[in-house]
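Architecture and fold: a report
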Amino acid sequence: MTAIVDTAVWNEWIACGWVGQIAAGASHVTTVLGQKIRITCVDENSYEIVALTDDQTAGRRLPAKARFCCIFTSLGDPTRDLPLIPEFEESDRKIGCCGGIGIRTSPYRIIENFIDMAHFSFVHTDLLGLSDKTEVLTYRTEHRADVDEIWAIDCMYVQPLRSKAVNDVEGGKRESHMTTRDYRIMSPFSVMLYRATDSDPTRSHAICVFVQPVSETECLAYMTFAYLVPGSSVSNLVDFQQAVFLQDRVILENQRPALLPLDPTYELPTKADASSIAFRRWLKRKNIRYGTYEKQAG
Amino acid sequence: MTIDSWIPIGLESQIQPASSNPVIVEGRSIAVWRGDDGPVSVWEDRCPHRGMPLSMGFVRGNTLHCIYHGWGYASDGHCTNIPAHPDLQPPKTICANSYPSRSRYGIVWTNFSEAQLSPLPDVGVEDGWTSIRSIYLSKSAEKASEDILKLNFGFAADTKTAGKNALSIQVGPDLELLLAIQPIDAAKTGVHVVAKGPAVATAAGRLKLARGLEHHRNKMEAS
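Read on for a plain summary of the structure. (Residues numbered from 1 in each chain as written. Chains lettered and ligands numbered in written order. Predicted model: local features only at pLDDT ≥ 70, side-chain atom pairs only at ≥ 80, totals over all residues. Heavy atoms only, no water.)

**Remarks on the overall build of chain B**
In terms of regular secondary structure, chain B is built from two helices and 16 strands. Against the compact-globule benchmark of 17 Å for 223 residues, chain B has a radius of gyration of 19 Å, which places it among compact chains. Reported as C-alpha extents along the three principal axes, the dimensions of chain B are approximately 65 × 40 × 35 Å. Relative to its full complement of 223 residues, chain B shows a buried share of 52%. Expressed as a percentage of contacts within chain B between residues at least 6 apart in sequence, the contacts between residues at least 24 apart total 50%. Per element, the accessible surface of chain B, about 10200 Å² overall, is 53% carbon and sulfur. Placing the 21 positive and 22 negative side-chain charges of chain B at their respective mean positions leaves the two points 5 Å apart. (Helix = DSSP H or I, 4+ residues; strand = E, 2+ residues; numbered from the N terminus. Rg over C-alpha atoms; globule rule 2.2 N^0.38 Å. Buried < 20%, exposed > 50% of the residue type's maximum accessible area, 1.4 Å probe, protein only. Contact = heavy atoms within 4.5 Å. Areas by Shrake-Rupley, 256 points an atom, 1.4 Å probe, with all protein chains shown as cover. Lys, Arg positive; Asp, Glu negative; His and termini not counted. Charge placed at Lys NZ, Arg CZ, Asp CG, Glu CD.)

The following block contains the structure:
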């Protein structure tokens, strides 16, 4: 059964691959919102994308952009450009992509998990959180009407200072520190965080997740980053992010229902979920039904 | 409208202390769990916070914690602890959706109806039953019951129904069986077997019966 896709969703820019995935001259077939598409890499940063008909012949030409290490398209007419993330243009950053990770759930569950700090101590113990430091302090959320984005500001959480392995080698001391970050939801399928750095108060790490909804409950997630860590290699950063992402995947694949419930009485939030509440309200205001649970109830 | 009947969900001896277990009954996913020393609880297998199965959770003392955010639930279903807000007393409205849980004859029973007026299955005194094993069949509960009625135990068998989901079978003079039938879905059924009588007084006797049930299961699967 093909799901009905809302206009707001149809007109979004959606990630459909990552830069480096397709060799120059080669093509790749994938699915976006139930629609098969073929991506052809013309050269390093130039792509051509067409919709495929049921008999696999090329249909209409779709827009194509390569940015933030990902390839983006839209099945409709985008009402705005891709978001501005100038950090990906800064030459002193470590810029990379973790590839496409398949996750069978609603795209919005992936976004919500990314903006959620309260699971760090339980799902990412000793990587992103400590089992005895679980508190989520009050943070602000806002809808920025001019760009139609949801932001969560001054989000603080106690995180391990270094990986568990390093701490164990240095005598098992679990050194930790309070970290601060802002979350930014640019579209129903794209999210990022700005994590404050210890070295320079004026600059932040930028870490993004772009979600390709293959269907309402089947996604590919592309995590890309622009880190300010002179000492680390891109491949170490990719390894770390993939380890974190695979821990999330076990959670995400098992949440029920897979579709995101928008009714706040069906899944009960607490104060730490302020960003999730803002995100669900925003989806509801946009009248988005694709990938949500509400339509089943109604 | 859910029918008011007690449905077996497993042998009580199978529910280990400090464990949470996924079970499917009539197509519903439930978490069957018990604390270190608490009673068996039967809940909807979904944390009311963000939809994580509670059967994937972890037990500390007599509290079940969701694996995702660590929310803790007491055996009455109430959320007692939200780690993101250590000083907050969780509101009473945050509660796991629980179903009644009753133990009788070494079998755990639940009932999904609002009314719960029907009595638990009654095959006489509660004491003296020994848990044997569960078997699983790839057929509906109705078909499984029909097949069980046709089984040849090598003795004249006197079979009685005990409510909608249980059969009591007197097999010769030395063995009484209670087969509690758990409808899993339209094509899967669990049968939880307890027994009493001299034939199961010894470990060897119980093992013989358990092997016999396995044999019957294989025959019923082939039929």
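**Re empty space enclosed by the protein**
Under the counting rule described, the total for this entry stands at one cavity of 30 Å³ or more. Empty space within the largest cavity amounts to approximately 150 Å³. Lining the largest cavity are 18 residues, with Glu112(A), Asp116(A), Asp273(A), Ser276(A) and Arg50(B) positioned closest to its centre. Contributions of two or more residues to the lining of the largest cavity are made by α2 (107-114) and α6 (274-285) of chain A. When residues in the lining of the largest cavity are grouped by element, the largest group, three residues, is from α2(A). Within the lining of the largest cavity, the residues separate by chemical class into seven nonpolar, six polar and five charged. (1 Å grid on protein atoms, 1.4 Å probe; cavity = no way out; pocket = protein on both sides within 12 Å on 5 of 7 lines; lining within 4 Å. Points joined across faces, edges and corners; volume = space filled by probe spheres on them. Nonpolar A, V, L, I, M, F, W, Y, C, P; charged D, E, K, R; others polar.)

**Let's talk about the layout of surface pockets**
Roughly 950 Å³ of internal volume is contained in the largest pocket. Along the walls of the largest pocket sit 41 residues, with Leu128(A), Arg195(A), Tyr227(A), Phe240(A) and Gln241(A) positioned nearest its centre. At the level of elements, α2, β10 (149-160), β11 (176-187), β12 (190-196), β13 (204-215), β14 (218-227) and α5 (234-254) of chain A are the ones that each hand at least two residues to the lining of the largest pocket. When residues in the lining of the largest pocket are grouped by element, the largest group, eight residues, is from α5(A). Taken together, the residues that form the lining of the largest pocket break down as 22 nonpolar, 13 polar and six charged. The wall of the second largest pocket is formed by 16 residues, among which Phe153(B), Phe155(B), Leu175(B), Lys208(B) and Leu209(B) lie closest to the centre. Counting residues per element, the lining of the second largest pocket draws most heavily on helix α2 (residues 203-222) of chain B, which supplies seven residues. In terms of residue class, the lining of the second largest pocket is made up of nine nonpolar, five polar and two charged.

**Examining the pairing of strand β13 (residues 157-161) of chain B**
Residues and elements named next belong to chain B. Sheet topology places β13 next to strand β14 (residues 166-171); five bridges connect them, and they run antiparallel. Within β14, the position partnered with Thr-159 by the bridge is Ile-169. What sits between β13 and β14 in their antiparallel hairpin is a turn of four residues, with Gly-163 showing a positive phi close to 80 degrees. (Pairing = 2+ DSSP bridges.)

**Details of the interface of chain B and chain A**
Tallying the contact residues gives 22 residues for chain B and 26 residues for chain A. Of the roughly 2000 Å² buried at the junction of chain B and chain A (both faces included), carbon and sulfur atoms supply 56%. When the buried surface of chain B facing chain A is broken down by residue, Arg50(B), Tyr68(B) and His85(B) rank first, second and third, together holding 34% of it. Where chain B touches chain A, the interface holds one salt bridge. The shortest N-O distance in the salt bridge between Arg50(B) and Glu112(A) comes to 3.9 Å. Each residue belonging to the side of chain B that touches chain A can be placed in one class, and the counts come to 14 nonpolar, six polar and two charged. (Buried area = accessible area lost by both parts, 1.4 Å probe. Salt bridge = Lys/Arg side-chain N within 4 Å of Asp/Glu carboxyl O.)

**Details of the sheet that holds strand β4 (residues 46-52) of chain A**
Note on sheets: strands pair through backbone hydrogen bonds, and any given pair is parallel or antiparallel. All names here are of chain A. A sheet is described by the order of its strands in space; here four strands give the open sequence β2-β3-β4-β5, paired in antiparallel fashion. Two strands close off the open sheet at either side, each with one partner strand: β2 (27-32) and β5 (58-62). Going across the sheet, the axis of each strand differs from the next one's by a mean of 35 degrees, ignoring polarity. Where strand β3 (residues 35-43) and β4 come together, six bridges link them in antiparallel fashion. From the neighbouring strand, Arg-38 faces β4, where its bridge partner is Val-50. (Axes fitted to C-alpha atoms, helices over the stretch in contact; angles between N-to-C directions.)

**Details of the pattern of salt bridges**
Residue and element names in this part refer to chain B. Tallied over the full model, the rule gives 24 salt bridges over all chains. Taking the shortest distance from any N to any O, the salt bridge between Lys-143 and Asp-147 comes out at 2.9 Å. Highlighted residues: Lys-143 and Asp-147, both in helix α1 (residues 141-149), separated by four residues, approximately one helical turn. For Lys-143, a relative accessible area of 33% puts it in the partly exposed group.

**Quick look at the nonpolar core**
With 81 residues, the main nonpolar core has Tyr108(A), Tyr183(A), Val209(A), Leu54(B) and Tyr73(B) as its most contacted residues. With six residues, the top contributor of residues to this core is α5(A). Counting 23 residues, the second largest nonpolar core, distinct from the first, contains Phe153(B), Leu175(B), Val191(B) and Ala195(B). (Core = buried A, V, L, I, M, F, W, Y, C linked by side-chain atoms within 4.5 Å.)

**Here's the deal with α2(B)**
In a regular helix each residue adds 1.5 Å, so 20 residues correspond to 28 Å; α2(B) covers 29 Å between its end C-alpha atoms and thus fits that length. Packing partners of the buried residues in α2(B) comprise β12 (130-137), α1, β15 (175-185) and β16 (188-196) of chain B. (Expected span 1.5 Å × (residues − 1).)

**Re the side chain of Thr105(A)**
Residue and element names in this part refer to chain A. Here Thr-105 lies in the loop between β8 (94-103) and α2. Among the residues examined, Thr-105 registers a relative accessible area of 0% and is labelled buried. Looking at Thr-105, its side chain comes within polar contact range of the main-chain oxygen of Ala-258, at 3.4 Å. Those residues in contact with Thr-105 that lie beyond four places of it in its chain are Ile-110, Glu-216, Thr-217, Glu-218, Cys-219, Leu-252 and Ala-258. (Polar contact = N/O pair within 3.5 Å; in protein donor to acceptor, adjacent residues only side chain to side chain.)

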